[in-house]
Amino acid sequence: MSLPKLQECCTPDNDSALVALLQRFQGNALIIGGGTFVHGLSARGLLTEVEALIDIQRLGLGYVKPGPQGLVIGATTTFAQIEAYSKLLDEPRHCALKDALRYPPVQIKNTATFGGCVAASCPYFDVPVALLALDASVKAQGPAGTRMIRLEDFFTGLFANALQPGEFVRELIIPSAPAKSASAFIKLETNANDLAILNAAVFVSADAGGKSTEARVFVGGGVGETPVRSKSAEGVLRGKKLSAEIFAQAGTAAQAEVDPRTDPRAAAAYRRAMTRVLVERSLKMAADRLA
């Protein structure tokens, strides 16, 4: 592991101590939740300026609970911990998150944290794309107190986010949704341990007649420095009766909206073609759950 400037490894036991450490090291500190992505960042030479590693496991942020704004997930909650709340994840509106948690191997599930997964701001991760479809927000805490940041506004670039100096991710909030709502997530991968070649997450709400009243469509995994929201696909769905024909049209709209990259795992043309397929399939999954 390449951390040539590392000076300290810290384990604060309260929020104030953590904020003080972040201010002291002025952007050269790395917060660790589960630490599963540290090796990947180090191998790419992205941690050469890190002077301190800050383990936040002693802050007591490993929880899942209902709140006035919706479902609250503490930053150090592991993937395995939230899977234990099967009744919550089995609700159709939350199923995109359940789908995304099927993919990681058990070693990752037992260690990786929700806060770390989001704060890493990696466009190839699965859980953030599912959370985007669920309209989640980040509760950040720093020197000035706490503030809410919509997850859609949180990701600003490759490994970059909207946290200000001295701030950290404290919680994730998934807002309440209409009773007749459902979501779904699909990932295209080479193997169970791989980052996404492409992934897609959708959320739909419908009225009593089966017409869509709300829709969100997100695509990640090599389509940009951040996941892409397809507002064109959402426009196709809104106000229409959910059907295979409408899903195909939404998939085509999403395909036209992405600008994928070519890398050693997939060509841009392949990612573009599979965008249509994954969006169409995920919409069908969500509609089946509505039924």
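Refer to the structure above for everything that follows.
Notes on the structure in this doc start here. As the structure is a prediction and not an experimental result, all values here were calculated from the model.

**Here we look at the pattern of salt bridges**
Okay, so step 1: One pass over the structure, following the stated rule, counts 23 salt bridges.
Okay, so step 2: A salt bridge links E189 to K187; its shortest N-O distance comes to 3.4 Å.
Okay, so step 3: Residue classification places E189 among the partly exposed residues on the basis of a relative accessible area of 26%.
Okay, so step 4: Residue K187 is classed as buried on the basis of its relative accessible area, which comes to 11%.
Okay, so step 5: Ionic pairing is found between R238 and E234, a salt bridge with its closest N-O pair at 3.8 Å.
Okay, so step 6: Among the charged side chains, a network of salt bridges with common partners joins D135, R150, E152, R229, E234 and R238.

**With respect to the pairing of strand 10 (residues 168-175)**
Okay, so step 1: Along strand 10, seven of the eight residues are buried, which leaves the element largely enclosed by surrounding structure.
Okay, so step 2: Bridge analysis of strand 5 (residues 70-74) against strand 10 gives five bridges, and the strand direction is antiparallel. In the strand pairing of strand 10, I73 is matched with L172.
Okay, so step 3: Where strand 6 (residues 137-142) and strand 10 come together, five bridges link them in antiparallel fashion. By the bridge assignment, V138 is partnered in strand 10 with L172.

**Observations regarding the side chain of R170**
Okay, so step 1: Relative to the assigned elements, R170 resides in strand 10.
Okay, so step 2: Apart from residues no more than four positions distant in its own chain, R170 is found in contact with D15, L61, G74, A75, K139 and Q141.

**Digging into the sheet that holds strand 4 (residues 64-67)**
Strands pair in a sheet through their backbones, by hydrogen bonds, and they do so in one of two ways: parallel or antiparallel.
Okay, so step 1: The strand order across the open sheet built from five strands is 4-5-10-6-7, with neighbouring strands paired in antiparallel fashion. Single-partner strands in this sheet number two, and they are strand 4 and strand 7 (145-150). Each neighbouring strand pair of the sheet contributes to a mean axis angle of 30°, computed without reference to strand direction.
Okay, so step 2: Along the sheet, helix 1 (residues 15-25) contacts strand 6 and strand 10; its crossing angle with strand 10, the most-contacted strand, is approximately 120°.

Quick notes on the rules
Residues numbered from 1 in each chain as written. Predicted model: local features only at pLDDT ≥ 70, side-chain atom pairs only at ≥ 80, totals over all residues. Heavy atoms only, no water. Salt bridge = Lys/Arg side-chain N within 4 Å of Asp/Glu carboxyl O. Buried < 20%, exposed > 50% of the residue type's maximum accessible area, 1.4 Å probe, protein only. Helix = DSSP H or I, 4+ residues; strand = E, 2+ residues; numbered from the N terminus. Pairing = 2+ DSSP bridges. Contact = heavy atoms within 4.5 Å. Axes fitted to C-alpha atoms, helices over the stretch in contact; angles between N-to-C directions.

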